[in-house]
Amino acid sequence: MTPDFQELAIVANELRGDVLRMLQLAGSGHPGGSLGMTDVFTTLWFGGHLKVDPQNPTWEDRDRFVLSNGHICPILYAILARQDYFPREELWTLRKLGSSLQGHPDFHFTKGVDCCTGSLGNGVSVALGMAMGARAQGKNFRVYAGTSDGESQEGQVWEMASAAAHHKVDNLTLLMDRNGIQIDGFTKDVMDQGDLGAKYKSFGWHVQEVDGHDMMAIHQALNEAKKASGKPQLIVCNTVLGKGVSFMENEPGWHGVTPDEEQLKKALDELGLD
Ligand SMILES: Cc1ncc(C[n+]2csc(CCOP(=O)(O)OP(=O)(O)O)c2C)c(N)n1
Ligand SMILES: [Mg+2]
């Protein structure tokens with residue numbers, strides 16, 4: 001099924017608005033990566049790729065989604081609310097004491113979250129375990145995991161990469177946020193990572209690279225990934241940190257700083273939202 005890309009673009013825009021609103025209210029959190037991966041995750045969730053049932057979040061045969069770069073959970077929460085896992089109003093409680101929406105994803109508290117993440121490197125390894133578990137149980141579900149260039153500086157990621165290829169885990173798809181930025185600045189300055197796609201390829205992965213804001217390209221790459229046999233798949237998503245808000249775009253300072261009221265208003269204006 002081909003999604004309506006115009007409709008997806010409207011959804012993505014509104015999700016960006018929710019991300020910004022919840023972060024302004026929280027006063028802490030990570031807008032940069034959240035806005036950067038909005039188009040990729042919108043395509044995954046609303047483009048008909050992820051086999052899930054929001055009415056039955058623990059359905060055993062559902063596809064799993066692990067946000068291994070857990071700090072960008074505002075976009076995951078905005079998506080889960082829009083999918084009706086919980087009321088949208090809960091978004092405004094992000095990071096507050098007693099909220100179901102923690103600063104990093106926690107499946108104990110949040111419906112639709114499959115894995116606790118935040119400690120970089122762990123989530124992709126759990127995702128591999130889930131994918132292998134599916135196979136061991138004779139189940140057909142797929143596992144998708146969000147990861148990032150900054151996370152790829154963790155050694156554990158490369159243990160996952162070699163194990164997944166060795167075991168030919170072809171029900172695992174990683175979506176990598178390749179924005180060239182991590183917590184301390186541009187990745188090329190902190191620790192140059194070169195061609196991350198080529199590295200995964202050398203491990204034996206099926207690798208594709210897309211413009212992370214071209215939803216049609218993302219949709220096609222997700223379809224291609226499903227066809228890959230005997231290999232885990234990586235989609236390197238070239239994104240712009242802070243996409244959609246001019247003063248945030250490609251500015252490392254917006255990795256983990258939230259907008260104040262005035263900045264929120266300006267950002268929502270730019271997105272054409274109230
Ligand atoms: C094991 C571990 N070490 C350090 C951190 C602190 N940390 C949080 S986000 C981040 C940068 C990750 O890079 P990336 O995901 O590329 O950042 P973004 O593109 O979202 O700005 C770091 C080092 C962490 N969460 N986990
Ligand atoms: Mg990054």
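Anything mentioned here points back to the structure above.
Every residue gets a number counted from 1 within its own chain, in the order that chain's sequence is written. Here chains are named by letter from A upward and ligands by number from 1 upward, in the order in which they appear as written. Two thresholds apply to this predicted model, a pLDDT of at least 70 for residue-level local features and 80 or more for giving and counting side-chain atom pairs, whereas whole-chain, interface and lining totals are computed over all residues. Think of the side-chain values as coming from all heavy atoms in the structure, minus any hydrogens and water.

**Student:** Any chance you could break down the sheet that holds strand S2 (residues 143-148) for me, citing the residues and the numbers?
**Tutor:** Across the sheet, which stays open at both edges, the five strands sit in the order S1-S2-S3-S7-S6 with parallel pairing between neighbours. Each edge of the sheet is formed by a strand with only one pairing partner; in this case those strands are strand S1 (64-67) and strand S6 (206-211). Neighbour to neighbour, the strand axes of the sheet diverge by 20° on average, direction disregarded. Along the sheet, helix H9 (residues 215-227) contacts S2, strand S3 (172-178), S6 and strand S7 (233-238); its crossing angle with S6, the most-contacted strand, is approximately 170°. Only strands joined by at least two bridges in the DSSP assignment are considered to pair. Labels follow the DSSP assignment, with helices taken as runs of H or I lasting at least four residues and strands as runs of E lasting at least two, numbered in each case from the N terminus. Angles shown run from 0 to 180 degrees and are taken between the N-to-C directions of axes, each axis being a line fitted to C-alpha atoms and, for helices, limited to the stretch in contact. In what follows, residue pairs with any heavy atoms lying within 4.5 Å of each other are defined as contacts.

**Student:** So what's going on with the site of ligand 1? Which residues, and what values?
**Tutor:** Every one of the 15 residues lining ligand 1 counts as a neighbour, but Gly118, Ser148, Asp149, Asn179 and His255 are closest to it. Ser148 is positioned such that a nitrogen or oxygen atom in its side chain is 2.6 Å from an oxygen atom of ligand 1. Within the side chain of Asp149, an N or O atom sits 2.8 Å from an oxygen atom of ligand 1. Computed by Shrake-Rupley with a 1.4 Å probe, the accessible areas treat only the displayed protein chains as cover when residues are assessed. Out of a free accessible area of 600 Å², ligand 1 has 78% covered by protein chains. Each residue is assigned to one of three groups, with Ala, Val, Leu, Ile, Met, Phe, Trp, Tyr, Cys and Pro labelled nonpolar, Asp, Glu, Lys and Arg labelled charged, and all others, Gly among them, labelled polar. Here the residues of the shell around ligand 1 sort into four nonpolar, nine polar and two charged. For each residue, the test is whether any non-hydrogen atom lies within 4 Å of the molecule or strand; if one does, the residue is near. Side-chain atoms alone can form a polar contact between residues adjacent in sequence; in general such a contact is a pair of N or O atoms within 3.5 Å, and within protein one must be able to donate a hydrogen while the other accepts it.

**Student:** Provide a residue-level description of the coordination of the magnesium ion (ligand 2), including the pertinent values.
**Tutor:** Donor atoms are limited to N, O and S found within 2.8 Å of the metal ion, a distance that becomes 3.2 Å for Na, K and Ca. With water left out, some sites might look partial. For the magnesium ion (ligand 2), the protein coordination sphere consists of Asp149 (OD), Asn179 (OD1) and Ile181 (O), at 2.1 to 2.2 Å. Counting the intervening residues between successive donors of the magnesium ion (ligand 2) yields the motif D-x29-N-x1-I. You can see Asp149 sitting in the loop between S2 and helix H6 (155-166) and its partner Asn179 sitting in the loop between S3 and strand S4 (181-182), a full 30 residues away along the chain. As far as burial versus exposure is concerned, Asp149 and Asn179 are alike and both buried. When accessible area is computed with a 1.4 Å probe and restricted to protein chains, residues below 20% of their type maximum are described as buried, those above 50% as exposed, and intermediate ones as partly exposed.

**Student:** Quick one: what's the story with the nonpolar core, residue by residue and with numbers?
**Tutor:** Only buried Ala, Val, Leu, Ile, Met, Phe, Trp, Tyr and Cys residues count toward a nonpolar core, and they belong to the same one when joined by side-chain atoms within 4.5 Å. Residues Phe41, Trp45, Phe65 and Tyr77 are the most contacted members of the largest nonpolar core, which totals 50 residues. For this core, the secondary-structure elements that each account for two or more residues are helix H1 (5-26), helix H3 (38-46), S1, helix H4 (73-82), H9, S7 and helix H10 (261-271). For this core, the leading source of residues is H4, giving eight residues. Setting aside its immediate chain neighbours within four residues, Trp45 contacts Leu50, Val52, Phe65, Leu76, Ile79, Leu80, Gln83 and Tyr85. Ranked by size, the runner-up nonpolar core spans 26 residues in total, among them Val124, Ala134, Phe141 and Leu234.

**Student:** Report on the packing of aromatic side chains, specifying residues and quantitative values.
**Tutor:** In summary, the pairing rule links any two rings of Phe, Tyr or Trp, Trp by its six-membered ring, whose centres are within 6.5 Å, and it sorts them by plane angle into stacked for under 30 degrees, edge-to-face for over 60 and tilted for everything else. Within the structure shown, the criterion is met by seven aromatic pairs. With 5.3 Å between their ring centres and 80° between their planes, Phe41 and Phe65 make a pair best called edge-to-face. Taken together, the residues Phe41 in helix H3 and Phe65 in strand S1 connect sequence positions 24 residues apart. Comparing Phe41 with Phe65, the two get one shared label, buried. Ring centres 6.4 Å apart and planes at 85° place the aromatic pair Trp45 and Tyr85 in the edge-to-face group.

**Student:** Give me the lowdown on the pattern of salt bridges, citing residues and values where you can.
**Tutor:** Throughout this description, the term salt bridge denotes a Lys or Arg side-chain nitrogen within 4 Å of a carboxyl oxygen of Asp or Glu. Tallying each qualifying case throughout the model produces 11 salt bridges. Between Asp18 and Arg21 there is a salt bridge whose closest N-O contact spans 2.9 Å. One end of the pair is Asp18 and the other is Arg21, both in helix H1 and three residues apart, which spans about a single turn. Judged on exposure class, the residue Asp18 and its partner Arg21 are both buried. Between Glu224 and Lys227 there is a salt bridge, with the nearest N and O atoms lying 2.9 Å from each other. One end of the pair is Glu224 and the other is Lys227, both in helix H9 and three residues apart, which spans about a single turn. In this structure, a network of salt bridges that share partners links the residues Asp18, Arg21 and Arg88.

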